[in-house]
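# An overview of the molecular structure
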Amino acid sequence: MNNNCDCTIKVDGHWLPSQDTIFFFDSTFFKNHTISSLPSTAEIKAATGSGGERLISRFPSLSLLVKRVLPFKVFRSTTIIPAPIAEGQVLWALPRLLPQIRVPEVYGWRRRDDGGLYIFMELVDGENLRDMWPTLSEEEKEQLCGEAGTMVRALRRLARLTGETFIGALSGLSINYFYLNSPLSGTMGGQPLNDRVFQRRVVETFPNADAFYEYLTQMEPYMREIMDPEYPEFSLPYNDPFVFTHADLALCNIMVTRRQPNVPLRIAAIIDWEQSGWLPLSWEPYKARASEESDEKIRYLATITGDIDDDVYLALDTFVMSLGGF
């Protein structure tokens, strides 16, 4: 496959690894280590960060990061859904399909007895763009955002197979999950969107774009009564193509190489693909703009994600907030 052209790359879900537990023994980690070198559950818990990093454990001596993905209880239900493997699949697929998009190398994942998941991946050496921002020159900001924007545009080459209309994670295939003597065992009808707007509420793929927008525009009756009848639903991006996108391209998820004398900064990796999926083209710029308050950062983010019309932004924001936000 020629990954340097602008041709469309169709993603066949059957090609993606779908096992509950799998390790990639051809990865860099296993060239220098054995599976017994991986940290135990106790060691992972002991290395867990705090606050926003409470699900992240770092092992610098192994160049290893372990991310814990939690099972979730369906909104207003007692049903428990095991943690999706979708982020691991994305990290495995992108270097093979679009190597110009730099992501952490994935070494494997392991299903936990409680339905959670450990994803074992490369610990990227660098700093995130949000933390580095105050130290950057205008020229460096333009260069780094331009480089990240090139990766995002390359991502748009991915497409679902001809005839597929599902809206969900990278693979629309049903995933079987089985645990000995566990009520969690069953079949998930396609991996759903894990975007925080839909998390815990949507447990299967949407069959098509109409179903996606039908869900997005549900609203409590009292909110409909106070809304201008001509706004904002008519501004929703119904004509947008559905593209595969990161869905959380905040500056903190863009890693930059560390400063070295006489060496230009570059993008080390785009991280945290947990929320990625097939979404309207306007979704990425909407989420990026909503994640920042600084006009300067919003302006630069638009060079990465693409711009969004103000009316479309307000329309999406109205309905996203009516669902609880993200």
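See above for the structure.
Here is a short report on the structure shown in this document. (Residues numbered from 1 in each chain as written. Predicted model: local features only at pLDDT ≥ 70, side-chain atom pairs only at ≥ 80, totals over all residues. Heavy atoms only, no water.)

## Re the sheet that holds strand 7 (residues 106-111)
- One open sheet holds the five strands; their spatial order is 2-7-8-4-3, and the pairing between them is antiparallel. The outermost strands of the open sheet, each flanked by one partner alone, are strand 2 (22-23) and strand 3 (56-59).
- Across four bridges, the pairing between strand 3 and strand 4 (residues 64-69) is antiparallel. Within strand 4, the residue paired with Phe59 across the bridge is Leu64.
- Contacting strand 4, strand 7 and strand 8 (117-122), helix 3 (residues 86-97) crosses the sheet at an angle of about 160° to strand 7. (Pairing = 2+ DSSP bridges. Helix = DSSP H or I, 4+ residues; strand = E, 2+ residues; numbered from the N terminus. Contact = heavy atoms within 4.5 Å. Axes fitted to C-alpha atoms, helices over the stretch in contact; angles between N-to-C directions.)

## What about the packing of helix 5 (residues 138-155) against helix 9 (residues 295-305)?
- Look at helix 5 against helix 9: their axes get within 7 Å of each other, and the N-to-C directions meet at 40°. As far as their axial angle goes, helix 9 and helix 5 are oblique. Contacts from Glu138, Lys141, Glu142, Cys145, Ala148, Gly149, Val152 and Arg153 of helix 5 reach helix 9 at Glu296, Tyr300, Thr303 and Ile304.
- Here the contact of helix 5 with helix 9 is composed, by residue class, of five nonpolar, two polar and five charged. (Parallel < 35°, antiparallel > 145°, perpendicular 65-115°, else oblique. Nonpolar A, V, L, I, M, F, W, Y, C, P; charged D, E, K, R; others polar.)

## A look at the pattern of salt bridges
- With the rule as written, the count across this model stands at 15 salt bridges.
- The residue Glu147 makes a salt bridge to Arg102 at a minimum N-O spacing of 2.1 Å. Taken together, the positions of Glu147 in helix 5 and Arg102 in the loop between helix 3 and strand 7 put the pair 45 residues apart, joining distant regions of the chain.
- Relative accessible area serves as the criterion here: at 17%, Glu147 is assigned to the buried category.
- Between Arg258 and Asp125 there is a salt bridge, and its shortest N-O distance comes to 2.6 Å. With Arg258 in the loop between strand 14 (254-256) and strand 15 (267-270) and Asp125 in the loop between strand 8 and strand 9 (127-128), the pair connects residues that are 133 residues apart, well separated along the chain. (Salt bridge = Lys/Arg side-chain N within 4 Å of Asp/Glu carboxyl O. Buried < 20%, exposed > 50% of the residue type's maximum accessible area, 1.4 Å probe, protein only.)

## So, the packing of aromatic side chains
- Considering all chains together, one arrives at 25 aromatic pairs under this definition.
- An angle of 90° between the planes, with centres 5.8 Å apart, marks the rings of Phe206 and Phe212 as edge-to-face. As far as the burial class goes, Phe206 and Phe212 line up, both buried. (Phe/Tyr/Trp six-rings, centres within 6.5 Å; stacked < 30°, edge-to-face > 60°.)

## Things to note about the pairing of strand 4
- Among the six residues in strand 4, five count as buried, and that is most of the element.
- As judged from the six bridges shared by strand 4 and strand 8, these two strands associate in the antiparallel manner. Within the sheet, the bridge partner assigned to Leu64 lies in strand 8 and is Glu122.

## As for helix 6 (residues 209-216)
- All of the buried residues along helix 6 are Ala211, Phe212, Tyr213, Tyr215 and Leu216.
- Among the structural elements, strand 13 (242-245), strand 16 (277-280), helix 8 (283-290) and helix 10 (310-322) are those in contact with the buried residues of helix 6.
- With a side-chain oxygen lying 3.2 Å from the backbone nitrogen of Asp210, the N-terminal cap of helix 6 falls on Asn208. (Polar contact = N/O pair within 3.5 Å; in protein donor to acceptor, adjacent residues only side chain to side chain.)

No statement about biological role is implied by the geometric values presented.
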